[in-house]
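Commentary on secondary and tertiary structure
These are the residues of each chain, in order.
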Amino acid sequence: VQLQASGGGLVQAGGSLRLSCATSGRTFSNYALGWFRQAPGKEREFVAAISGSGGQIRYADSVKDRFTISRDNAKNTVYLQMSSLKPEDTAVYYCARTSSGSYYYTRRNEYDYWGQGTLVTVSS
């Protein structure tokens, strides 16, 4: 299973970006997916997660009402739409996949496969 994240870049505070994560493997809709981020000198933290069907979603409090996670099961792709970006959102963003799909998952050790990360830099 491979995950390829893209869409990062440099944006001004208040701006928007959309991250994408294309995945390989079969039966994409069977698996929950998530986004995490890691800022310099900090631990990797949970951002958002979505169940296999897309019917259950969870966000970290720090991004709620600003970020939107979605998935296109026909394209084997998960997205993270980020709006009203703040300098504190600057981090490397990672997508990840579980080996289960009936719910969403918020802990790093619940994910079995990880993408390589894409850097998001928000300038003030």
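To be clear, the structure that these remarks concern was listed above.
Everything numeric in this text was worked out from a predicted model, so none of it was measured.

Concerning the overall build of the chain
- Within the chain, the regular secondary structure consists of zero helices and eleven strands.
- In the chain, the order of α-helices and β-strands from amino to carboxyl end is β-β-β-β-β-β-β-β-β-β-β.
- Dimensions of the chain along its principal axes, counting C-alpha atoms only, are 40 × 25 × 25 Å.
- Once local pairs closer than 6 in sequence are excluded, the contacts in the chain between residues at least 24 apart make up 60%.
- As displayed, the chain has an accessible area near 6300 Å², and 44% of this comes from carbon and sulfur atoms.
- Within the chain, one finds 14 positive and 9 negative side-chain charges whose respective centroids are separated by 5 Å.

Overview of the packing of aromatic side chains
- Under the definition given, this model contains five aromatic pairs.
- Measuring from centroid to centroid gives 5.8 Å for phenylalanine 36 and phenylalanine 46, while their planes differ by 75°, and the two rings are edge-to-face. Separated by ten residues along the polypeptide, phenylalanine 36 in strand S4 (residues 33-38) and phenylalanine 46 in strand S5 (residues 45-50) bring together distant segments of the chain. Like phenylalanine 36, the residue phenylalanine 46 is buried in the burial classification.
- Centroid distance tyrosine 103 to tyrosine 104: 4.4 Å. Interplanar angle 20°. Geometry classified as stacked.
- Put simply, the rings of Phe36, Phe46, Tyr111 and Trp114 touch in pairs and so form one group of aromatic residues.
- Its guanidinium or amino end placed over the ring of tryptophan 114, arginine 44 lies 5.0 Å from that ring's centre, counting from NZ or CZ.
- For the cation-ring pair, arginine 97 lies above tyrosine 31, with the distance from its terminal atom to the ring centre recorded as 3.6 Å.

Procedures and definitions
Residues numbered from 1 in each chain as written. Predicted model: local features only at pLDDT ≥ 70, side-chain atom pairs only at ≥ 80, totals over all residues. Heavy atoms only, no water. Helix = DSSP H or I, 4+ residues; strand = E, 2+ residues; numbered from the N terminus. Contact = heavy atoms within 4.5 Å. Areas by Shrake-Rupley, 256 points an atom, 1.4 Å probe, with all protein chains shown as cover. Lys, Arg positive; Asp, Glu negative; His and termini not counted. Charge placed at Lys NZ, Arg CZ, Asp CG, Glu CD. Phe/Tyr/Trp six-rings, centres within 6.5 Å; stacked < 30°, edge-to-face > 60°. Buried < 20%, exposed > 50% of the residue type's maximum accessible area, 1.4 Å probe, protein only. Lys NZ or Arg CZ within 6 Å of the ring centre and 35° of its normal.

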